[in-house]
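Chain residues, written in single-letter form:
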Amino acid sequence: MTTTFEELPYRPCAGIMLANMQGKIFVGQRLDRPEGADAWQMPQGGIDDGEDAETAALRELFEETGVRTDLVDVLARSRDEHFYDLPDDMIGRIWKGKYRGQRQNWFLMRFKGTDADINIETEHREFSSWQWVDAPMLPALIVPFKKRLYENILAEFADLI
């Protein structure tokens, strides 16, 4: 029996908009980006079985950036889950073909540390480099299939950044 795209579920995920004290947002350049392409994103990752979304967000933040939970304040959680579909050429290549995309709970977190507290060379390394950017730049930096999601998250959290 073959599963169609429409029958595949969405992968549960938590995303983090990490804002520093100046209101700039953390983005990392993905290690697995296509040759010559820019593929920046905010930290995000799957929610493990039995794990709540906020716990997953804090775990993923540490796994991807080295930022400890005592260095952030959780300011907000997205009102609703946000969804995106993978492009056709990526379906079946990631997540072992089990998902059509992601359904994400997003968290706005204020970073209270210094740049020295950020270490992307973690055990679960996902980024080759990182930077702080002005929030309105986010949609232009992300891969096209996540652009609308980033625009929606940005609009939801704009007054709190």
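See the structure printed just above.
Quick caveat: nothing in here was measured; it's all calculated off a predicted structure.

Trainee: Explain the side chain of E51 to me, please; I cannot follow it from the model alone.
Mentor: Relative to the helices and strands, E51 is located in the loop between β4 (44-46) and α1 (53-65). Looking at E51, its side chain comes within polar contact range of the side chain of R59, at 2.8 Å.

Trainee: Whenever I open this one, α1 confuses me. Can you help?
Mentor: At 3.6 residues per turn, the α-helix brings residues three or four places apart onto the same side. For α1, built from 13 residues, the straight-helix expectation of 18 Å at 1.5 Å per residue is met to within 8% by its first-to-last C-alpha distance of 18 Å. Of all the positions in α1, only A53, A56, A57, L58, E60, L61, E63, E64 and T65 are classed as buried. The backbone nitrogen of E54 lies 3.1 Å from a side-chain oxygen of the residue at the head of α1, namely D52. One or two residues past the end of α1 sits G66, with phi positive at roughly 75 degrees.

Trainee: Sorry if this is basic, but what is going on with the nonpolar core here?
Mentor: The tendency in soluble globular proteins is for nonpolar side chains to be buried as a group. Grouped together as the largest cluster of nonpolar side chains are 24 residues, with contacts concentrated most on M17, I25, M42, L138, F157 and I161. Only β1 (10-19), β2 (24-30), β7 (101-111), α2 (138-141) and α3 (147-157) provide two or more residues apiece to this core. Looking at this core, the element that brings in the most residues is α3, giving 5 residues. Discounting chain neighbours no more than four positions away, the residues touching M17 are I25, M42, W106, F107, L108, M109, L138, I153, L154, F157 and I161.

Trainee: What is the right way to read the side chain of S78 from this model?
Mentor: Residue position: S78 is located in the loop between β5 (72-77) and β6 (82-85). Taking relative accessible area as the criterion, S78 reaches 5% and is therefore assigned buried. A polar contact of 3.0 Å, which involves the side chain of S78, links it to the backbone oxygen of D80. Filtering out sequence-adjacent residues up to four positions away, S78 remains in contact with Q104, N105, W106, E156 and F157.

Trainee: How do you make sense of the pairing of β7 when you look at a structure like this?
Mentor: Where a strand is regular, its side chains alternate between the two sheet faces. The buried fraction of β7 amounts to 10 of the 11 residues, a majority that puts the element mostly inside the structure. Relative to β7, β5 is paired through 5 bridges, and the arrangement is antiparallel. Looking at β7, one finds that V74 is bridged to M109. Note that β6 and β7 share 4 bridges and pair antiparallel.

Trainee: Please explain the environment of F111 as it appears in this structure.
Mentor: Mapped onto the elements of the fold, F111 is located in strand β7. You can call F111 buried: its relative accessible area is 1%. Taking the C-alpha atoms as reference points, F111 and Y10, separated by 101 residues in sequence, lie 29 Å from one another. Setting aside residues up to four positions removed in sequence, F111 forms contacts with L18, A19, N20, M21, V67, L71, V72, D117, I118 and W132.

Trainee: So what exactly am I meant to see when it comes to the packing of aromatic side chains here?
Mentor: A ring pair, where both rings are aromatic, is described by two values, the distance of the centres and the angle of the planes. A full pass over the atoms with the stated rule returns 8 aromatic pairs. Linked through ring pairs, F26, F111, F127, W130 and W132 together constitute an aromatic cluster.

Trainee: Can you walk me through the pattern of salt bridges in this structure?
Mentor: Working definition: two side chains of opposite charge can pair if their charged atoms are close together. Scanning the entire structure with this criterion turns up 11 salt bridges. The salt bridge involving D70 is made with R68; its shortest N-O contact spans 2.9 Å. For D70, a relative accessible area of 46% translates into the label partly exposed.

Quick notes on the rules
Residues numbered from 1 in each chain as written. Predicted model: local features only at pLDDT ≥ 70, side-chain atom pairs only at ≥ 80, totals over all residues. Heavy atoms only, no water. Helix = DSSP H or I, 4+ residues; strand = E, 2+ residues; numbered from the N terminus. Polar contact = N/O pair within 3.5 Å; in protein donor to acceptor, adjacent residues only side chain to side chain. Expected span 1.5 Å × (residues − 1). Buried < 20%, exposed > 50% of the residue type's maximum accessible area, 1.4 Å probe, protein only. Core = buried A, V, L, I, M, F, W, Y, C linked by side-chain atoms within 4.5 Å. Contact = heavy atoms within 4.5 Å. Pairing = 2+ DSSP bridges. Phe/Tyr/Trp six-rings, centres within 6.5 Å; stacked < 30°, edge-to-face > 60°. Salt bridge = Lys/Arg side-chain N within 4 Å of Asp/Glu carboxyl O.

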